[in-house]
Amino acid sequence: MQATANGTEERTDWNATNWARAEQSVRNLRQRIFRASQQGDHRKAASLQKLMLRSHSNALVSVRRVTQVNAGKNTPGVDKVLVKTPEERARLVSLLGQYQPWRVKPARRVYIPKANGKMRPLGIPTMIDRAMQAVMKNALEPYWEAQFEISSYGFRPGRGCHDAIARIYNIARPNKRKKWVLDADIEGAFDNIGHEALLKALGPAPGRELIRQWLKAGYVEVGELHATEAGTPQGGVISPLLANIVFHGMEKALGVRYKTQGELVGPRALVRYADDFVVFCESESDAQAAKAEISAWFAERGLRLSPSKTRIVHLTDGFDFLGYNIRHYRAEKTSRSGWKLLIKPSRKSQEAIRKKLRDEWRSLKGHNVSQVLIRLNPIIRGWANYFRIGVSKHVFYTLDAFMFRRCVRYVKHRHPNKSFKWCREKYWGKLRRGRDNHWVFGDKRTNAHLLMFGWTPIVRHVLIQGRASPDDPSLQEYWSERRKVKIADLPPRQRDLAKKQKGLCPVCRTPLVNGEELHEHHQVWRSRGGGNERENIRLLHLYCHQQIHGAKARDA
């Protein structure tokens, strides 16, 4: 150990880190914080949160996430510093132990395109600020997970868009009474959150002053420093959690009530995903009242509803939420109520995927068919997996027809002097094992083929139970079963390996499907005679795989 101004600093050998032990240590602390918060023992929870902030394992896990896993790992802050090597990561872990609140640097302002064509501002913190925010998040998140409302689904562990849509399905069925919907949009939510309101909601939490520094750090744009008097920087690791803390309490403000078992009672229901939310009411007048009440509640937090994007609709008119369209359709012959609820991909979602695929096809002109498959298959798989929980088969088939036309255009452009019969023999065939389809597009030499949207089965999503959280130590079996659902999103070969491993990486013992890239590892290396049999292959996270090979190379 090496002495520092703030205590002790552990020497870190990044390549020799025992990730299973580090992850288990962080997981145990998170569970203890959750349990203390759940029991109302706030003093114990605060003590455990301080322990988490000092935890070397938490520093290791946080640095790994921001430098190797997160999408922004290749984007520097205002100091233009990136952390790429094991030595630099080890140094960053050491720096976190010496971190002081007054060293916070302003964020770097960048812009990314929004779905509506406008630009969204992002604040990119420095790498050390991102790592410290990840450390802080592990201390704060389990405490708030025990407090957050049932209706909140955005940016929370174990919850997602599919849970929000499944919740809407339960509320909006034709045999229910809540048929009027406040479809609301908060104007510049992340940019206008009041700092004092956020800090008041946060309470006397450990690290509160450090959070204040992040909020007040400002941003640099074109070399000029700008102050931030409101808002949380979109791009910060901790920003989604802070936004959820600000929005916590919406159910109470709207008067949403539950029975002891979590069943809704009363005339209103709320479903929220981050700053997107809908309120279900039994009458139009109550929806108007709900709009007034929630507007007043938001005003206290420096926010307001967008007049042009907020509307009150009946379910027979329908509304869009998280890419889906939710609407009641007439069905006198098939339903007792005379109506049926259909949740389908929205028109905007369909237009967006067509545009994305069209742009990809255009950029692939001149590329061989293998590059086409590499670029397009992940897009098709991801979109189909997201919309497979809705009434999407018809949309899938129309997209397959669209893709067939694009395939024909690609082939004609690539072989302008060949007949279509020749092109068909070269590019189309019965390439999908187990399907009697002779029009599968692909590479006949390797049997690699373009996926079809229609191959994705429609699967009803199982809604998460009440307040269930991965940080609840009493629900480990429940979460083990839910991990199996995530495995279905993987390609077939990886799916089989993941099922065999019960959804866990054998090196770090964390869920395989957590945002990290996955690699296949040969237990007996191919260079040493190992084969491609399933018994010899394990599915690992990319950096777990690299660590194994790095250790073996050093030992050789």
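Everything that follows concerns the structure shown earlier in this document.
Scoring rules and cut-offs
Residues numbered from 1 in each chain as written. Predicted model: local features only at pLDDT ≥ 70, side-chain atom pairs only at ≥ 80, totals over all residues. Heavy atoms only, no water. Core = buried A, V, L, I, M, F, W, Y, C linked by side-chain atoms within 4.5 Å. Buried < 20%, exposed > 50% of the residue type's maximum accessible area, 1.4 Å probe, protein only. Helix = DSSP H or I, 4+ residues; strand = E, 2+ residues; numbered from the N terminus. Contact = heavy atoms within 4.5 Å. Pairing = 2+ DSSP bridges. Axes fitted to C-alpha atoms, helices over the stretch in contact; angles between N-to-C directions. Parallel < 35°, antiparallel > 145°, perpendicular 65-115°, else oblique. Left-handed = near helix turned anticlockwise from the far one by under 90°. Phe/Tyr/Trp six-rings, centres within 6.5 Å; stacked < 30°, edge-to-face > 60°. Lys NZ or Arg CZ within 6 Å of the ring centre and 35° of its normal.

Participant: How should the nonpolar core be read in this particular structure?
Facilitator: One recurring pattern in soluble globular proteins: nonpolar side chains tend to sit buried together. Formed by 81 residues in total, the largest nonpolar core has its most connected members in Ile211, Phe247, Phe277, Ile294 and Phe298. Counting residues per element, this core draws most heavily on helix α5 (residues 127-145), which supplies 10 residues. Beyond its immediate chain neighbours, meaning those up to four positions away, Phe247 contacts Glu149, Ile186, Ala189, Arg272, Ala274, Asp275, Trp297, Phe298 and Leu303. Counting 63 residues, the second-largest nonpolar core is a separate cluster that includes Phe280, Cys423, Leu451 and Ala468.

Participant: How should I be thinking about the sheet that holds strand β5 (residues 180-185) in this particular structure?
Facilitator: Across a sheet, paired strands are connected by hydrogen bonds in the backbone, their directions being either parallel or antiparallel. Across the sheet, 4 strands lie side by side as β10-β11-β5-β12; this open sheet has antiparallel pairing. If you trace the sheet from one side to the other, it starts and ends with β10 (268-273) and β12 (311-314), each paired once. Neighbour-to-neighbour, the strand axes of the sheet open up by a mean angle of 20°, direction not taken into account. For β5 and β12, the ladder comprises 4 bridges, and the chain directions are antiparallel. By the bridge assignment, Leu182 is partnered in β12 with Ile312.

Participant: I tried to follow the packing of α5 against helix α9 (residues 208-216) on my own but got confused; where do I start?
Facilitator: The relative placement of two packed helices comes down to the angle between their axes together with the axis-to-axis distance. With their axes 11 Å apart at the nearest point, α5 and α9 run at an angle of 135° to one another. Relative to α9, α5 is oriented oblique. As for the relative orientation of α5 and α9, their crossing is left-handed in sense. Every residue of α9 that contacts α5 at Asp129, Met132, Gln133, Met136 and Leu140 is listed here: Leu210, Ile211 and Trp214.

Participant: Hey, could you run me through unusual backbone geometry in this one?
Facilitator: For residues other than glycine, phi is negative in most cases, and the peptide bonds are mostly trans. Here the phi dihedral of Phe155 falls at roughly 55°; this positive angle occurs in a residue that is not glycine. As for its position among the elements, Phe155 is in the loop between α5 and α6 (161-172). The phi dihedral of Ala274 falls on the positive side, at around 55°, and the residue is not glycine. Inspection of the secondary structure assignment puts Ala274 in the loop between β10 and β11 (276-281). Since its relative accessible area comes to 7%, Ala274 is described here as buried.

Participant: Can you walk me through the environment of Ile353 in this structure?
Facilitator: Mapped onto the fold, Ile353 is located in helix α13 (residues 347-363). For Ile353, a relative accessible area of 4% translates into the label buried. Along the backbone, Ile353 and Leu140 are 213 residues apart, and their C-alpha atoms lie at a distance of 37 Å. Setting aside chain neighbours within four positions, we find Ile353 in contact with Ile379, Trp383, Leu399 and Phe453.

Participant: Help me understand the packing of aromatic side chains, please; the structure alone is not making it clear to me.
Facilitator: For any pair of aromatic rings, the description consists of the separation of the ring centres together with the inter-plane angle of the planes. Under the criterion given, the structure shown has 25 aromatic pairs. Taking 4.8 Å as the distance between ring centres and 90° as the angle between the ring planes, the aromatic pair formed by Tyr386 and Phe387 counts as edge-to-face. Pairing Tyr478 with Trp479 gives two aromatic rings, centres 5.4 Å apart and planes at 80°, and the pair type is edge-to-face. As far as burial versus exposure is concerned, Tyr478 and Trp479 are alike and both buried. Seen from the ring of Tyr427, Lys426 lies directly overhead, with NZ or CZ sitting 5.6 Å from the centre. Here Arg460 stacks its cationic end above the ring of Tyr169, 4.4 Å away from the centre of that ring.

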